[in-house]
Amino acid sequence: MFLAAMMSLTLVAAACGDDDDDEPGASDTTAAGDTTPTTSGGGQGVLEPTLDDLCQEALDAGIEAPDDFKVSLVTDIGKVDDRTFNQYAYEAMIAAGECFDIETSFIETASEADYAKNLDTTLSGNPSVVITNGFLLATDTLAAAEANPEVQFIGIDQFQEAFPDNYIGVLFREDQGGFLAGVAAGLLTETNVVGVVGGREDVPPVVRFVNAYEAGAKSVNPDVRVIHTYNESFTDTAKGASDAQQMIGEGADVIFGAGGKTGSAGVQEATKQGKWGIGVDQDEYFSTFDGGNAPGSEYLATSAVKRVDLAVFQNIVAALDGSFAGGIFTLEAANDGITYAPSRDAAVPQDVLDALEETRLGLADGSIDTGVDPVTGLPK
């Protein structure tokens, strides 16, 4: 089983996060209600449940926050508006703040050297819950959790051999997301050539995305050729665009981006040229394509979505209702943690949409296997 395999793994790398070269990290405290929560749902309805749904369920159940309840986020290298998993975690925290009228705060990390310092600064504010984003924060998060048993920690993309009761590590089935993207690509292509612009090959979630994308494409189109490339940086937009140009030159008419801003740049380049693009992590219609205002949005077929927001919100609720328990929290199709985004402005044929939904349901009930090891990301 996936959970058992994860428990035996000694190293799980970070997801497709990205660095930011803007000003150094900063901190901020946001009163509940000051920031608009994430946009989700709509279209085929595959981004359900929304955070509004989760909020209403919690309120209907009578869940309330104590007056002194505080939640704080320490980002991975990058910012809370970086359009990747830092932003997704931030938006979920803000949505919880608005739902339960609780105080929220965040610290943006500028470099790896700042992780421990940022955690110490966060803890000095006496938070009830601390969210830390990314594998590279795992060591410092574990130390902080052991030293502060009264605080509950939510670690995104973090694995430990053993978790204290106050620390949850959130992991994802990226192979399922990649497989969904591949199914879309395999059915959309008219040239029988598709591409994927990946991030670092030493990051297992990237490998899971890339290999499962190929498996998904070939599951519906055995004749398809899949071109893939890995990159040294998640923020090299010029390289991502260049990768896409090269793939298009080789005949690719669908490009999947699985490498932070590098991958998104590949998707943007493809859609600008009238080729299909498939995003990753969030619904890139709202992030990369500015809600349809950026060029090429009509060619963004879908995005392979990791519901970081779902994990953060649900575990904040668990901290409030007393059900918070240390260990691994796995997000996959079966619990709505891995899904695909609506086609929005794109004229995706209905048979492709139907196949995507059938695939999602098959992954959720176990009748469809990605053919990719959910730990290593290698073909089985």
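**Some points on the state of the cysteines**
Part 1: By the definition in use, this model includes one disulfide.
Part 2: Paired through a disulfide, Cys55 and Cys99 show a sulfur-sulfur distance of 2.1 Å. Across the disulfide from Cys55 to Cys99, rotation about the S-S bond amounts to roughly 95°, and the bridge is consequently right-handed. Placement of the pair is Cys55 in helix H2 (residues 51–60) and Cys99 in helix H3 (residues 85–100), with a sequence separation of 44 residues.
Part 3: A relative accessible area of 14% places Cys55 in the buried class.

**Digging into the confidence of the model for the protein**
Part 1: Averaged over every residue, the pLDDT of the protein is 88; residues scoring 70 or more account for 88%.
Part 2: Low pLDDT, under 50, characterises residues 1–46; the predicted model gives this stretch 129 contacts beyond four residues in sequence or across chains.

**Comments concerning the pattern of salt bridges**
Part 1: Tallied over the full model, the rule gives 15 salt bridges.
Part 2: Notably, a salt bridge pairs Glu108 with Lys79, separated by 3.7 Å at the nearest N-O pair. On the criterion of sequence distance, the pair formed by Glu108 in strand S3 (residues 103–109) and Lys79 in the loop between strand S2 (70–77) and H3 is long-range, its members being 29 residues apart.
Part 3: Among the residues examined, Lys79 registers a relative accessible area of 8% and is labelled buried.
Part 4: Taken together, the shared-partner salt bridges connect Asp157, Glu174, Arg208 and Lys306 into one network.

**Thoughts on the packing of aromatic side chains**
For any pair of aromatic rings, geometry is given as the distance between the ring centres together with the angle between the planes.
Part 1: Tallied over the full model, the rule gives seven aromatic pairs.
Part 2: Plain terms: the ring middles of Phe209 and Phe256 are 6.0 Å apart, the flat faces sit at 75° to each other, and that makes the pair edge-to-face. Note that Phe209 is positioned in helix H7 (residues 204–220) and Phe256 in strand S9 (residues 254–258), a separation of 47 residues in sequence.
Part 3: Pairing Trp276 with Tyr299 gives two aromatic rings, centres 6.1 Å apart and planes at 75°, and the pair type is edge-to-face. Residue Trp276 is located in strand S10 (residues 276–281), and its partner Tyr299 is located in the loop between S10 and strand S11 (300–306); the two are separated by 23 residues in the primary sequence.
Part 4: If you follow Lys306 out to its NZ or CZ, it ends over the ring of Phe172, 4.5 Å from the centre.

**Observations concerning the pairing of strand S5 (residues 152–156)**
Part 1: When you tally the buried positions in S5, you get four out of five residues, the bulk of the element.
Part 2: Direction of pairing for strand S4 (residues 129–133) relative to S5: parallel, over a ladder of five bridges. Opposite Val129, over in S5, you have Gln152 as the bridge partner.
Part 3: Viewed along the sheet, the connection from S4 through helix H5 (residues 138–147) into S5 turns out right-handed.
Part 4: Here S5 pairs with strand S6 (residues 167–172) via four bridges, running parallel. Paired with Gly155 across the bridge in S6 is Gly169.

**Section: the sheet that holds strand S8 (residues 225–229)**
Part 1: Taken in spatial order, the six strands make up an open sheet running S8-S7-S9-S10-S11-S13, and their pairing is mixed. The open sheet terminates on both sides in strands that have one partner only, identified here as S8 and strand S13 (338–340). Direction aside, the axes of adjacent strands within the sheet are offset by 15° on average.
Part 2: With five bridges connecting them, strand S7 (residues 193–198) and S8 associate as parallel partners. Bridge pairing links Val193 to Arg225 in S8.

**Focus on the environment of Asp76**
Part 1: Relative to the assigned elements, Asp76 resides in strand S2.
Part 2: Counting along the chain gives 32 residues from Asp76 to Glu108, while the straight-line C-alpha distance between them is 7.3 Å.
Part 3: What Asp76 contacts, discounting residues up to four positions off in sequence, is Phe85, Asn86, Thr109, Tyr115, Asn133, Gly134 and Leu137.
Part 4: A distance of 2.6 Å separates the side chain of Asp76 from the side chain of Tyr115, its partner in a polar contact.

The rules behind the values
- Residues numbered from 1 in each chain as written.
- Predicted model: local features only at pLDDT ≥ 70, side-chain atom pairs only at ≥ 80, totals over all residues.
- Heavy atoms only, no water.
- Disulfide = S-S within 2.5 Å.
- Helix = DSSP H or I, 4+ residues; strand = E, 2+ residues; numbered from the N terminus.
- Buried < 20%, exposed > 50% of the residue type's maximum accessible area, 1.4 Å probe, protein only.
- pLDDT = per-residue confidence, 0-100.
- Contact = heavy atoms within 4.5 Å.
- Salt bridge = Lys/Arg side-chain N within 4 Å of Asp/Glu carboxyl O.
- Phe/Tyr/Trp six-rings, centres within 6.5 Å; stacked < 30°, edge-to-face > 60°.
- Lys NZ or Arg CZ within 6 Å of the ring centre and 35° of its normal.
- Pairing = 2+ DSSP bridges.
- Right-handed = clockwise from strand over helix to strand, strands pointing away.
- Axes fitted to C-alpha atoms, helices over the stretch in contact; angles between N-to-C directions.
- Polar contact = N/O pair within 3.5 Å; in protein donor to acceptor, adjacent residues only side chain to side chain.

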